[in-house]
Amino acid sequence: NDLCFFYHSVTEKSIVGIVKVVKEYYLDPTDITGKFVVVDVEATKKLDKPVSLDQIKNNKKMRDIALIKQSRLSVMPLTKIEWDEIIKLSKK
């Protein structure tokens, strides 16, 4: 039941919504190597406005967010301050 941001990492490079984890990780059935796992998520809310990677990079409250250093990470932790700041940016 963890809440997560849904990030478009290819063209938009923006956080566009919030999803909830509905099933814990399990082996990715499409990965023949058996190295990768997946989680099932359910969309819960579309953000009012997408929050771009540039907005995140230019925000002092998020200077240590892992997304800036490794933008292709599938999963990364956020502090409450970072979460709240992203929500705030999505309402501007």
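Residues numbered from 1 in each chain as written. Predicted model: local features only at pLDDT ≥ 70, side-chain atom pairs only at ≥ 80, totals over all residues. Heavy atoms only, no water.

1. Comments concerning the side chain of Asp 28
The test is simple: Secondary structure elements are defined from DSSP: runs of H or I of at least 4 residues count as helices, runs of E of at least 2 residues count as strands, and each element is numbered from the N terminus. Any residue under 20% of the maximum accessible area for its type is buried, any over 50% is exposed, and the rest in between are partly exposed; the area is computed with a 1.4 Å probe on protein chains only. Charge assignment: positive for Lys and Arg, negative for Asp and Glu; neither His nor the chain ends contribute. Put simply, a salt bridge is a Lys or Arg side-chain nitrogen that is within 4 Å of an Asp or Glu carboxyl oxygen. In this description, contact between two residues means that some pair of their heavy atoms is separated by no more than 4.5 Å.
Relative to the helices and strands, Asp 28 resides in the loop between strand E2 (14–27) and strand E3 (37–52). In this structure, Asp 28 is buried with no salt-bridge partner, the nearest side chain bearing the opposite charge being Lys 23 at 12 Å. Once you skip the residues sitting within four places of it in the chain, Asp 28 turns out to touch Phe 36, Val 37 and Val 38.

2. What about the pattern of salt bridges?
Counted according to the given criterion, the structure contains three salt bridges. Between Asp 84 and Lys 80 there is a salt bridge; the shortest N-O distance is 2.8 Å. You can see Asp 84 and its partner Lys 80 sitting in helix H3 (residues 80–90), four residues apart, about one turn around the helix.

3. What to know about the pairing of E2
Here is the rule: Two strands are said to pair when DSSP picks up at least two bridges between them.
In the sheet, strand E1 (residues 3–8) pairs with E2 via six bridges, with the strands oriented antiparallel. Note on E2: the bridge partner recorded for Phe 5 is Ile 18. Taken together, E1 and the strand that follows it, E2, pair antiparallel across an intervening segment of five residues, in which Lys 13 is found at a positive phi of about 50 degrees. Alignment of E2 against E3, held across ten bridges, turns out to be antiparallel. Bridging from a neighbouring strand, Val 21 pairs with Val 41 of E3.

4. Notes on the layout of surface pockets
A probe as big as a water molecule, rolled over the atoms, marks out the empty space that is left. Inclusion rule: Buried and open spaces are told apart on a 1 Å grid over the protein atoms alone, a cavity being a set of points where a 1.4 Å probe fits but cannot get out and a pocket being an open set with protein on both sides within 12 Å along at least five of seven lines. Residues with an atom within 4 Å of a point are the lining residues. Grid points are joined across faces, edges and corners, and a volume is the space filled by probe spheres set on the points. Classification used: nonpolar for Ala, Val, Leu, Ile, Met, Phe, Trp, Tyr, Cys and Pro, charged for Asp, Glu, Lys and Arg, polar for all others including Gly.
As a volume, the largest pocket reaches approximately 1000 Å³. Looking at the largest pocket, it is lined by 29 residues, and the ones nearest its centre are Cys 4, Phe 5, Ser 74, Val 75 and Met 76. Among the secondary structure elements, those contributing two or more residues to the lining of the largest pocket are E1, E2, E3 and H3. Here the lining of the largest pocket is composed, by residue class, of 22 nonpolar, three polar and four charged.

5. Structural notes on the confidence of the model for the protein
To keep it simple, the criterion reads: In predicted models, pLDDT denotes the confidence assigned by the predictor to each residue on a 0 to 100 scale.
Confidence in the prediction for the protein averages 91 pLDDT; 97% of positions are at 70 or higher. Taken element by element, the predicted model of the protein shows its lowest mean pLDDT in helix H2 (residues 66–69) (82) and its highest in E3 (96).

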